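Commentary on secondary and tertiary structure
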Amino acid sequence: MATDIKDTAHAVEAAAVMRLLPTRPQMLALGEPTHGEDTLLDLRNELFRQLVEQEGYRTIAIESDCLMGLAVDDYVTSGQGTLDEVMERGFSHGWFNVSAANRELVRWMRAYNESRPTSERVHFAGFDGPLEITCAESPRQALTALHRYLSTSVDADLLPCTGETLDRLLGSDDRWTNSAAMMDPAQSVGQSAEAGELRLLADDLVALLDVQTPHLLAATSRDEWDRARLYGRTATGVLRYHYWMADTSPARMTRLCALRAQMMAHNLLALAQRGPTLVHAHNSHLQREKSTMQMWQGPVEWWSAGALLSAQLGEGYAFVATALGTIRHQGVDTPPPDTIEGLLYALPKDHCVIDAPRLAMTLGDTRPAPRVSPWFGYSPLDPAHLADSDGIVFVKDVPQS
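The rules behind the values
- Residues numbered from 1 in each chain as written.
- Predicted model: local features only at pLDDT ≥ 70, side-chain atom pairs only at ≥ 80, totals over all residues.
- Heavy atoms only, no water.
- Helix = DSSP H or I, 4+ residues; strand = E, 2+ residues; numbered from the N terminus.
- Rg over C-alpha atoms; globule rule 2.2 N^0.38 Å.
- Buried < 20%, exposed > 50% of the residue type's maximum accessible area, 1.4 Å probe, protein only.
- Contact = heavy atoms within 4.5 Å.
- Areas by Shrake-Rupley, 256 points an atom, 1.4 Å probe, with all protein chains shown as cover.
- Lys, Arg positive; Asp, Glu negative; His and termini not counted.
- Charge placed at Lys NZ, Arg CZ, Asp CG, Glu CD.
- Phe/Tyr/Trp six-rings, centres within 6.5 Å; stacked < 30°, edge-to-face > 60°.
- Lys NZ or Arg CZ within 6 Å of the ring centre and 35° of its normal.
- Pairing = 2+ DSSP bridges.
- Axes fitted to C-alpha atoms, helices over the stretch in contact; angles between N-to-C directions.
- Domains from an automatic or database assignment.
- Buried area = accessible area lost by both parts, 1.4 Å probe.
- Salt bridge = Lys/Arg side-chain N within 4 Å of Asp/Glu carboxyl O.
- Polar contact = N/O pair within 3.5 Å; in protein donor to acceptor, adjacent residues only side chain to side chain.
- Nonpolar A, V, L, I, M, F, W, Y, C, P; charged D, E, K, R; others polar.
- Core = buried A, V, L, I, M, F, W, Y, C linked by side-chain atoms within 4.5 Å.
- Parallel < 35°, antiparallel > 145°, perpendicular 65-115°, else oblique.
- Left-handed = near helix turned anticlockwise from the far one by under 90°.

The name given to the protein in an unreviewed UniProt entry is Erythromycin esterase, and the organism recorded there is Streptomyces colonosanans.

Here is the structure:
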């Protein structure tokens, strides 16, 4: 058995990953089982560099705020701002901007693009909604940016409202970002009369963007139109999210998690339409099966962004999970030998790529036991879904960053 598993292990290189796949997928997703570990992100950087240089991928998307990521894209594609500035304001979720590996990724993307024509430059994208686990952002930025774009190129009579009307209905941003609303639906403004009117206006603005596409592409540019579509997706998505934050039914958290996954999937589908795309996020967002989480009111499950993408793209979507052996500084020690991680830990390599479907076939009906993590921040692989990944990147030991 050990020999059979060893035969599936190869060096972590672009060529080894591509050999696992029948063809180059339009979207290649690399997951991680925990956040904030630069060892995993350094490995991602090297693999993504090779995939850009050898396989022609032209967008790198990570699990960060899609609107904040626009500043990073401006920097890596055209040098707007400084590296310090975009690291400060181009990432969400608290830990992405302090990562040395993320900084190195942005630095490399800018250096790669400097000497290349526009058509060959690599783009950066955040693909998460402007959401945190404790709150959601105001829809102001997305709504007003969409309205501004349309008002510069479309007859004013076609606009459903003025900018002043949007501003009045939006009110103070503090109303939208009130963190108490996550635990207490009564604190949310998502089902107020103003929010209801904003949802209708956002829908009308997105419809206007759609029906004016030929004119807008001629009057502005493809990049500006793409960004306007992002603003439209984000405005309608955030308003929908706020609406369900005000919900009091037992399905509330299931809906909110599913809506976040939907926003992720819609953003990634738009990127895939633009060209071959690399994605990095937590395994749970990119896997083909349902995601699950233990919340304060009990377990919640929903279809992940990866499941939605796989359903739409078929073989155009590929998912490689990352698994690891130890994170000793977080109390995650040597994995039990009867787990997937334990079997892989016995291999001689520190890092390797594994053919996941072939490994599942090798194991047959004798599936390993699920590994139990002593630390909430790390999610082991689910042995029941081993064959649902196209591959596994295994990292033996993760030292403290």
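**Things to note about the overall build of the protein**
Helices and strands together make up the secondary structure of the protein, namely 18 helices and ten strands. For 401 residues, the compact-globule formula gives about 21 Å, and the C-alpha radius of gyration of the protein, at 22 Å, lands near that figure. Taken over the C-alpha atoms alone, the protein extends approximately 70 × 55 × 35 Å along its principal axes. In the protein, buried positions account for 54% of the 401 residues. For the protein, contacts bridging at least 24 residues in sequence account for 77% of all contacts bridging at least 6. Only carbon and sulfur atoms are counted for the fraction: they give 50% of the accessible area of the protein, which is about 17,300 Å². Charged side chains in the protein number 34 positive and 52 negative. The centres of these two groups are separated by 3 Å.

**Observations regarding the packing of aromatic side chains**
Across all of its chains, the model carries four aromatic pairs by this definition. With centroids separated by 5.6 Å and ring planes inclined at 70°, the aromatic side chains of F91 and F124 adopt a geometry described as edge-to-face. Of the two residues, F91 is situated in the loop between α5 (83-89) and α6 (100-114) and F124 in strand β4 (residues 123-128); the sequence distance between them amounts to 33 residues. For F91, a relative accessible area of 5% puts it in the buried group. On the basis of an interplanar angle of 85° and a centroid distance of 5.1 Å, the ring pair of Y243 and W244 is categorised as edge-to-face. When the ring centre of Y57 is taken as origin, the NZ or CZ atom of R24, which lies over that ring, is 5.5 Å away.

**Some words on helix α4 (residues 69-78)**
Of all ten residues in α4, nine are buried, a share of seventy percent or more. Those residues of α4 that fall on the buried side of the exposure criterion are G69, L70, A71, V72, D73, D74, Y75, V76 and T77. Looking at the residues trailing α4, positive phi occurs at G79, about 80°.

**Focus on the sheet that holds strand β1 (residues 9-10)**
The mixed open sheet is built from eight strands, whose spatial order is β1-β9-β10-β8-β2-β5-β3-β4. Every other strand in the sheet has two partners, leaving β1 and β4 as the edge strands with one partner each. Judged from the four bridges that link them, strand β9 (residues 351-354) and strand β10 (residues 391-397) form a sheet pairing that is antiparallel. Within the sheet, the bridge partner assigned to I354 lies in β10 and is I392. Strands in contact with helix α14 (residues 252-274) are β2 (27-32), β3 (59-65), β4 and β5 (277-282); relative to β4, the strand with the most contacts, it is inclined by about 155°.

**Side note on the domain arrangement of the protein**
Under the domain assignment used here, the protein contains domain 1 (1-132 + 262-398) and domain 2 (135-251). Facing the 16 residues of domain 1 at the interface are 18 residues of domain 2. Between domain 1 and domain 2, roughly 1,600 Å² of surface is buried when both sides are summed, and carbon and sulfur atoms account for 60% of that area. Area buried by domain 1 at its contact with domain 2 is led by L67, L70 and W296, which between them contribute 32% of it. At the boundary of domain 1 with domain 2, the tally comes to two salt bridges. With a shortest N-O distance of 3.6 Å, D73 and R227 are connected by a salt bridge. Inspection of the domain 1/domain 2 interface yields four residue pairs in polar contact (both at pLDDT 80 or more). Considering every element that reaches the side of domain 1 that touches domain 2, the biggest residue donor is α14, with seven residues. A breakdown of the residues in the side of domain 1 that touches domain 2 according to their chemical character gives eight nonpolar, four polar and four charged.

**Side note on the side chain of E37**
If you trace the backbone, E37 turns up in the loop between β2 and α3 (38-55). Despite being buried, E37 has no salt bridge partner; R328 is the closest side chain of opposite charge, sitting 12 Å away. A polar side-chain atom of E37 sits 3.0 Å from a polar atom in the side chain of H329. Setting aside residues no more than four positions away along its own chain, E37 makes contact with I327, H329, Q330, V398, P399 and S401.

**Points about the environment of P370**
By the element assignment, P370 lies in the loop between α18 (356-363) and β10. P370 sits 113 residues away from C257 along the chain, and the two C-alpha atoms are 24 Å apart. Sequence-distant contacts of P370, defined by excluding residues within four places in its chain, comprise T339 and P383.

**Some remarks on the nonpolar core**
Ranked by internal contacts, the top residues of the largest apolar core, which has 43 residues, are L28, L51, I60 and V106. Take this core: its biggest share by element is six residues, from α3. Core analysis: the next-biggest nonpolar cluster, separate from the first, contains 36 residues, A125, A272, A305 and L347 among them.

**Looking at the packing of helix α11 (residues 193-211) against helix α13 (residues 222-245)**
Between α11 and α13, the shortest axis-to-axis distance is 10 Å and the interhelical angle comes to 155°. Our classification of the angle between α11 and α13 gives roughly antiparallel. Seen along the crossing, α11 lies across α13 with a hand that is left-handed. Seen from α11, the contacting residues are A195, L198, R199, A202, D203, V206 and L209; seen from α13, they are W225, A228, R229, G232, T236, L239, R240 and Y243. Within the contact of α11 with α13, the residues separate by chemical class into nine nonpolar, two polar and four charged.

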